[in-house]
Amino acid sequence: MKILHVLDSVNRGGAETLVLDVCRNAAAFGMEVMIAAGDGPLLTEFANSGRPLFHLKRKLPFDPLHAAKLRRIIRSNAIDVVHTHQAVDALHSLAAAAGLKVPVVLSHHGIVPDAKNRLTTKFVLSRVAHNIVVAGTILRQYEDLYGIRFGSNTSVIYNGVDTSRLSPEGGDMRVELGIAHDAPLIGMIGNFYPERRKDQLTVCRALPQVLEHFPAAKCLFIGGVEPGAEAKFEECRRFCDDNGLGGNVYFLGRRSDVPDLLSALDIFVFSSFQEGLPIALNEAMLSGVPTVVSDIPPLIEASASGKYSLVFPVGDAAALAERVISLLSDPELRSDLAEKAHQFAGENFTIEAHLTKLGELYRSLLPA
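The structure displayed is predicted, hence computed values, not measured ones. Residues take numbers from 1 onward in each chain, read along the sequence in its written order. For this predicted model, a pLDDT threshold of at least 70 governs which residues receive local features, and a threshold of 80 or more governs which side-chain atom pairs are given and counted, while totals over whole chains, interfaces and linings are taken from all residues. Here the side-chain values reflect all heavy atoms present in the structure, with hydrogen atoms and water set aside.

**A look at the sheet that holds strand β2 (residues 32-37)**
Okay, step 1: Ordered by their spatial adjacency, seven strands build an open sheet running β3-β2-β1-β4-β5-β6-β7, and the pairing between neighbours is parallel. The sheet is open, and its two edges are formed by β3 (53-55) and β7 (154-156), each paired on a single side. Across the sheet, the axes of successive neighbouring strands diverge by a mean angle of 20 degrees, strand direction being ignored.
Okay, step 2: One requirement defines pairing of two strands: DSSP has to find at least two bridges between them. Going along the chain from the N terminus, every DSSP run of H or I of four or more residues is numbered as a helix, and every run of E of two or more is numbered as a strand. In this sheet, β3 lies alongside β2 in parallel orientation, the contact comprising three bridges. Bridge pairing in β3 links Ile35 to Leu53.
Okay, step 3: Residue contacts are counted whenever heavy atoms from the two residues lie within 4.5 Å of one another. A fitted line through C-alpha atoms serves as each axis, taken over the contacting stretch for helices, and the angle formed by two N-to-C directions is quoted from 0 to 180°. Set on the sheet, helix α1 (residues 14-25) makes contact with β1 (2-7) and β2; between it and β2 the angle comes to about 145 degrees.
Okay, step 4: Of the strands in this sheet, β1, β4 (81-84), β5 (104-108) and β6 (130-133) are in contact with helix α15 (residues 351-365), which crosses β6 at around 170 degrees.

This is the structure in structure tokens:
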């Protein structure tokens, strides 16, 4: 099967990381993958993935020229399925594939931030051949928050991670930052977004309580600052400075050495207001790092109803601090939680599990 993945941009985010892992592993599952992508920091990695890359730039909210270029790619490469990851990409791909009998698939990664995207999602929902949601709780989330109701052309397929890229490459984060090897180290991976998505501030607000019990503890924030999120980033920095946390907190920005970062952590914290099924959390679980997560439905689902992560009420800094302190105080609990989460993630969140289900879906959409 020839599959064209369409990405409006290739920022360093969960959906883009997933598609990169698909590119590198799909051939073993009978899929020949090609990419049509806009600009972004991962463009070079897509170009080096070994799969054909078509660099396209959409210039208008609905760009007929962009759709025409996609149509030429579909026809000239005899594409069997077009797989999109945003509603705007599905809209252009539906126009591009009109009359060609090429099914368009849309993955819903759990974020529909504005009115324009909500309208576009509602428009394409019944028109695409199939909708994939990355967590079952997203079905209810979309309906409750946005009035978006999925039909029978919908399946739940969890995101997958290529575990081969999670092997540390030898970088020592503690040496790089001058952190003692016996100092408790907490970390969160996630960009700062202008929308109400990640919640790094609650982690910052939890740190004074953690430091009362573990004065040597350090906290790493890994992730870029998206345009429009500058004030959120500065609020976190200002809180840390005002509360004397400057020597305990590191804002590292975007990093490509995630395996080395994860291998240095004692605890991975994922504090969020809204999620799909985050790749960063899956990577932490597969790397054997114990996790603490907000009690939003997708994160509860990702941790098997909270069995494999410690859970705290969203935005509750005191509760988060209590969970972190309990883990730092109990090495046996950390080890047990990490081991069970690793086994659960290995059964559900690997790229092999993802591609097996994806291949089954694609084949169901093709002519017999």
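And the narrative resumes.
**Describing the packing of aromatic side chains**
Okay, step 1: Only Phe, Tyr and Trp rings take part, Trp by its six-membered ring, and two of them pair if their centres are within 6.5 Å. Stacked means planes under 30 degrees apart, edge-to-face means over 60, and tilted covers everything else. With the rule as written, the count across this model stands at nine aromatic pairs.
Okay, step 2: On the basis of an interplanar angle of 85 degrees and a centroid distance of 5.2 Å, the ring pair of Phe192 and Phe233 is categorised as edge-to-face. Of this pair, Phe192 sits in the loop between β8 (185-189) and α8 (200-213) while Phe233 sits in helix α9 (residues 230-242); the two residues are 41 residues apart in sequence, bridging distant segments of the chain. In terms of burial, Phe192 and Phe233 fall into one category: buried.
Okay, step 3: Taking 5.1 Å as the distance between ring centres and 35 degrees as the angle between the ring planes, the aromatic pair formed by Tyr308 and Phe344 counts as tilted. A simple rule labels every residue: compare its accessible area, found with a 1.4 Å probe on the protein chains alone, to the largest value its type can have, and call it buried under 20%, exposed over 50%, or partly exposed in between.

**What to know about the sheet that holds strand β11 (residues 267-270)**
Okay, step 1: Pairing is parallel across the open sheet formed by six strands, whose spatial order is β10-β9-β8-β11-β12-β13. Looking at which strands have only one partner, the edges of the open sheet turn out to be β10 (249-253) and β13 (310-312). Sheet twist, expressed as the mean angle between neighbouring strand axes with direction ignored, is 20 degrees.

**What about the packing of helix α13 (residues 317-328) against helix α14 (residues 331-348)?**
Okay, step 1: At a closest axis distance of 6 Å, the pairing of α13 and α14 adopts a crossing angle of 100 degrees. The pairing of α13 with α14 is recorded here as roughly perpendicular in orientation. Each of Ser326, Leu327 and Leu328 in α13 lies in contact with α14, whose residues at this interface are Pro331, Leu333, Arg334 and Leu337.
Okay, step 2: Ten residues, namely Ala, Val, Leu, Ile, Met, Phe, Trp, Tyr, Cys and Pro, are considered nonpolar, four, namely Asp, Glu, Lys and Arg, are considered charged, and the remaining ones, Gly among them, are considered polar. Considering only residue class, the contact of α13 with α14 consists of five nonpolar, one polar and one charged. Working rule for angles: under 35 degrees goes down as roughly parallel, over 145 as roughly antiparallel, 65 to 115 as roughly perpendicular, anything else as oblique.

**Describing the packing of α8 against α9**
Okay, step 1: Axis separation between α8 and α9 bottoms out at 9 Å; the angle between their running directions is 5 degrees. In this view, α8 runs roughly parallel relative to α9, as classed from their interaxial angle. In this structure, α8 contributes Gln200, Leu201, Cys204, Arg205 and Pro208 to the contact, and α9 contributes Glu235, Cys236, Phe239 and Cys240.
Okay, step 2: Classifying every residue of the contact of α8 with α9 by side-chain character gives six nonpolar, one polar and two charged.

**Brief notes about the nonpolar core**
Okay, step 1: In these notes, a set of buried Ala, Val, Leu, Ile, Met, Phe, Trp, Tyr and Cys residues joined through side-chain atoms within 4.5 Å is what counts as a nonpolar core. By size, the foremost hydrophobic cluster in this structure holds 71 residues, and its most contacted members are Met31, Phe46, Leu220, Leu252, Leu262 and Phe268.
Okay, step 2: Looking at this core, the element that brings in the most residues is helix α11 (residues 279-286), giving six residues.
Okay, step 3: The contact partners of Leu252, leaving out residues within four places of it in the chain, are Met173, Leu177, Leu220, Phe221, Ile222 and Leu261.

**Observations concerning the pattern of salt bridges**
Okay, step 1: Salt bridges are counted wherever a side-chain nitrogen of Lys or Arg sits within 4 Å of a carboxyl oxygen of Asp or Glu. A full pass over the atoms with the stated rule returns 15 salt bridges.
Okay, step 2: Residue Arg165 is joined to Asp21 by a salt bridge in which the shortest nitrogen-to-oxygen separation is 2.7 Å. Residue Arg165 is found in the loop between β7 and α7 (173-177), and its partner Asp21 is found in helix α1; the two are separated by 144 residues along the sequence.
Okay, step 3: Among the salt bridges present, the one from Asp266 reaches Arg174, with a minimum N-O distance of 3.1 Å. Highlighted residues: Asp266 in the loop between α10 (258-264) and β11 and Arg174 in helix α7, separated in sequence by 92 residues.
Okay, step 4: Judged by relative accessible area, Asp266 falls into the partly exposed class, the value being 23%.
Okay, step 5: Of the residues examined, Arg174 reaches a relative accessible area of 5% and is grouped as buried.
Okay, step 6: When salt bridges that share partners are traced, they join Asp21, Arg24, Glu45, Arg165 and Glu283 into one network.

**Observations regarding the pairing of β5**
Okay, step 1: With five of five residues buried, β5 is to be regarded as a mostly interior element.
Okay, step 2: Relative to β5, β4 runs parallel, the two sharing three bridges. By the bridge assignment, Val82 is partnered in β5 with Val104.
Okay, step 3: For β5 and β6, the ladder comprises four bridges, and the chain directions are parallel.

**Some remarks on the environment of Asp80**
Okay, step 1: Assignment of secondary structure puts Asp80 in the loop between α3 (64-76) and β4.
Okay, step 2: We classify Asp80 as partly exposed; its relative accessible area is 28%.
Okay, step 3: If we skip the residues at most four places from it in the chain, Asp80 touches Met1, Lys2, Val102, Pro103 and Leu366.
Okay, step 4: Contacts described as polar in this section are N or O atom pairs within 3.5 Å, which, within protein, must combine one atom able to donate a hydrogen with one able to accept it, while residues neighboring in sequence count only if both atoms come from side chains. At 2.8 Å, the side chain of Asp80 and the backbone nitrogen of Lys2 are in polar contact.

**With respect to the environment of Pro41**
Okay, step 1: Note on placement: Pro41 falls in the loop between β2 and α2 (43-47).
Okay, step 2: Put simply, Pro41 and Val10 are 31 residues apart on the chain and 6.4 Å apart in space, counted from C-alpha to C-alpha.
Okay, step 3: Among all residues touching Pro41, those that are not within four sequence positions of it are Val10, Asn11 and Arg12.

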